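Breakdown of the fold
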Amino acid sequence: MTMRSIIWKELRERPTALIASLLAIMLSVTALVAIRNVTIFSEKEVAGKLDKLGANVLILPKGVTLQDYYSADMHAETIPEEHVAELALAGLTGVEAISPKLCVPTEIDGKNVILTGILPQEEIQKMAAWQGGMIFKKHEGCKAKINVIDENQDAPEALADRRALQNLNENEVILGSDYAANNGLAAGDSLELLGEKFTVLTTLPSTGTVDDGRVFAHLHTVQRLSKSGEVVNIIEVMGCCEDVANGLVGDLQSLLPGTKVVTIANVVETQISINRMMTNLSYLFLAILIAVGGASMASASFANVMERRREIGTLMALGATPRFVTQLFLAKAALLGLAGGITGYIAGSVLAMFLGPAFADVSVLPVPALAFISAAIAVLVTIAASYIPARQAAKLDPCMCFKEV
């Protein structure tokens, strides 16, 4: 008889204990896969929401209270512009863009308007290069030091979404959609502002926020015309979603202790908490898989060795080597682990498709990579659990086996 035929004969004739072991492995893998599936798609949902928000960390004067994200710069308090250089030189992991702003209420043609000074990213990059020689890299994903905007977001219209832009000359302005429509202005037109003439660079698409009624100009121009000095009302930071959730705010607070650093990630705070809980639970169920699945498999293997002592002795009397006997038990364990891992992956993926919308408010799809991971873990656990019983079987003395009743 071959090893394959012996294993299949064993599975057919003694299914009860093996099925119990298979179920223990399958249920552990099911829980592990379901939780990891929900966590993965919940993290993607959080990342998507933070990306849509553009700047997701706000650096404000100490006494300012944040009430509305899109009007967080509407206050009289200021912080030094030099904080921008400190941020650029710090090279904090996860900082993708820095956007300082200064808001000045003024009148244009007898109409009240909020003039907002913004500093283009190219000048922040030059500032860092001149002072510290820091090299700015394109976005390579989270955990990278980044301070440039994606090339696809270089257009000035991207200011509406990203709340930062790459280039802006000191004699150019950008108009909010409502202001442009109410005054009949478009790109290329001229505009007189505080006694100086400016060219309209572009009109922003409608955002449904206070930005629609604003006029945006170069920060240094606004500082000069308003005689405000080298100050800003707010510094908006676009941070990598992972780093915002895992310590970037604390790093910024340590760097700028005289300011208030807040994150608008609280709009997804519930999902971030769920992600952490799910991650911890996945580790818990991994431990359960190793403990319960391993213990169940080890118990079944020990019992199997005891039940089949005479058969093992017969095999060895017919010429089976200890190595063959060890491989026989380990192959059976690996087969059970593979079956438990695959069925657990299927059951876990189906379960996650129901749990995702119910517990994390996200749609979940199967993650193929988890099939290989769950199968590999299950096989390793079952082989490890069966190794000692297999070695015990290989050390049996055929003569002693035949003497037993």
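About the criteria used
- Chains are numbered independently. Their residues run from 1 in the order of the written sequence.
- Where totals are concerned, whole chains, interfaces and linings use all residues; where local detail is concerned, this predicted model gives features only for residues with pLDDT of at least 70, and gives and counts side-chain atom pairs only at 80 or more.
- Hydrogens and waters are ignored; side-chain quantities use all the structure's heavy atoms.
- UniProt positions are given in the numbering used here, feature names are shortened, and annotations may be inferred rather than shown by experiment.
- Helix and strand assignments follow DSSP, with helices taken as H or I runs no shorter than four residues and strands as E runs no shorter than two, numbered in order from the N terminus.
- Burial here depends on accessible area, computed with a 1.4 Å probe over protein chains only, as a share of the maximum for the residue type. Under 20% is buried, over 50% is exposed, and the range in between is partly exposed.
- Pairs of residues are marked as contacts when any of their non-hydrogen atoms sit within 4.5 Å.
- Only the protein chains shown count as cover for residues, and all accessible areas are computed by the Shrake-Rupley method using a 1.4 Å probe.
- Think of pLDDT as the predictor's per-residue confidence, scored from 0 to 100.
- Patch membership requires over 30% relative accessible area and the absence of a salt bridge. Like charges are linked within 9 Å, and nonpolar side chains (Val, Leu, Ile, Met, Phe, Trp, Tyr) within 5 Å.
- Salt bridge, as used here, is a side-chain nitrogen of Lys or Arg placed within 4 Å of a carboxyl oxygen of Asp or Glu.
- The definition of a nonpolar core used throughout is a set of buried Ala, Val, Leu, Ile, Met, Phe, Trp, Tyr and Cys residues joined through side-chain atoms within 4.5 Å.
- By definition, two strands form a pair when at least two bridges between them are found by DSSP.
- Helix axes are fitted to C-alpha atoms over the stretch in contact, other axes to C-alpha atoms as well, and angles between N-to-C directions run from 0 to 180 degrees.
- Expected helix span is taken as 1.5 Å per residue step, with the number of steps being one fewer than the number of residues.
- Fitting axes to the seven residues that end at a residue and to the seven that start at it, the angle between those axes gives the bend at that residue.

The name that an unreviewed UniProt entry assigns to the protein chain is Macrolide export ATP-binding/permease protein MacB, with the source organism given as Gimesia maris. Reading the Sequence similarities (unreviewed entry) entry of the UniProt record for the protein chain gives the comment "Belongs to the ABC-4 integral membrane protein family." Looking at the Subcellular location (unreviewed entry) heading of the UniProt record, one finds this comment for the protein chain: "Cell membrane".

Re the overall build of the protein chain
Along the backbone of the protein chain there are 14 helices and eleven strands. Out of the 405 residues in the protein chain, the part that is buried amounts to 50%. Summarising the internal contacts of the protein chain: among those between residues at least 6 apart in sequence, 79% fall at separations of at least 24. Only carbon and sulfur atoms are counted for the fraction: they give 59% of the accessible area of the protein chain, which is about 19200 Å².

Quick look at the confidence of the model for the protein chain
Averaged over every residue, the pLDDT of the protein chain is 77; the share at 70 or more is 77%. Below pLDDT 50 for its whole length, residues 133–151 participates in 53 contacts with residues either more than four positions away or in separate chains.

A look at a nonpolar patch on the surface
Among the surface-exposed residues, Leu338, Ile342, Ile346, Val350, Met353, Phe354 and Leu365 lie close enough to one another that they form a single nonpolar patch of about 660 Å² accessible area. Val350 gets classed as partly exposed once you look at its relative accessible area, which sits at 41%.

Let's talk about the nonpolar core
For soluble globular proteins, the rule of thumb is that nonpolar side chains tend to be buried together. In this structure, Ile59, Val173, Leu175, Val215 and Ile235 are the most contacted members of the largest nonpolar core, which totals 38 residues. With residues near it in sequence (within four places) discarded, Leu175 still touches Ala180, Leu185, Leu191, Val200, Thr202, Thr203, Leu204, Arg214 and Val215. Among the nonpolar cores identified, the runner-up in size contains 24 residues, and Val29, Tyr345, Val364 and Val367 belong to it.

Let's talk about the sheet that holds strand β4 (residues 111–118)
Strand pairing in a sheet takes place through backbone hydrogen bonds and is either antiparallel or parallel in direction. Across the sheet, which stays open at both edges, the nine strands sit in the order β6-β7-β5-β8-β4-β3-β10-β1-β11 with mixed pairing between neighbours. Single-partner strands in this sheet number two, and they are β6 (190–193) and β11 (259–263). On average, adjacent strands in this sheet sit at an angle of 35° to one another, irrespective of strand direction. With five bridges connecting them, β4 and strand β8 (residues 214–218) associate as parallel partners. Across the sheet, the residue bridging to Ile114 is Arg214, located in β8. In this fold helix α9 (residues 248–255) packs onto β1 (57–61), β3 (95–108), β10 (234–239) and β11, with an angle of close to 170° to the strand it touches most, β11.

Overview of the side chain of Asp212
With respect to the helices, strands and loops of the structure, Asp212 is situated in the loop between β7 (196–203) and β8. If we skip the residues at most four places from it in the chain, Asp212 touches Gly176, Ser177, Asp178, Tyr179, Pro205, Ser206 and Thr207.

Side note on the pattern of salt bridges
Across all of its chains, the model carries three salt bridges by this definition. Among the salt bridges present, the one from Arg224 reaches Glu196, with a minimum N-O distance of 2.6 Å. Taken together, the positions of Arg224 in helix α7 (residues 219–226) and Glu196 in strand β7 put the pair 28 residues apart, joining distant regions of the chain. Given a relative accessible area of 27%, Glu196 falls into the partly exposed group. A salt bridge links Arg214 to Asp211, with the nearest nitrogen and oxygen atoms 3.8 Å apart. Just as Arg214 is buried, Asp211 falls in that class too.

A word on helix α13 (residues 368–394)
The first and last C-alpha atoms of α13 sit 38 Å apart over 27 residues, in line with the 39 Å expected at 1.5 Å per residue. Along α13, the sharpest change in direction is near 40° and occurs at Tyr387; proline Pro389 comes one to four residues later.

Remarks on the UniProt feature "transmembrane region" (unreviewed entry) in the protein chain
Feature annotation in UniProt places "transmembrane region" (unreviewed entry) on residues 283–306, 333–355 and 367–388, given in this structure's numbering. The span residues 283–306 shows a helical share of 100% and a strand share of 0%, and its end C-alpha atoms are spaced 34 Å apart. End-to-end, the C-alpha atoms of residues 367–388 are 34 Å apart, and along that stretch the chain is 95% helix and 0% strand.

A short note on α7
Restricting attention to buried positions, one finds in α7 the residues Leu219, Thr221, Val222, Gln223 and Leu225. In the segment just after α7, Lys227 is the residue with positive phi, at about 55°.

A word on the pairing of β6
In β6, alternate side chains face the same way, and those of Leu191 and Leu193 are buried while those of Ser190 and Glu192 on the opposite face are not. In this structure, β6 lies alongside β7, joined through four bridges in antiparallel fashion. From the neighbouring strand, Ser190 faces β7, where its bridge partner is Thr199. Between β6 and the antiparallel strand that follows it, β7, lie two residues; Leu194 among them carries a positive phi value of about 55°.

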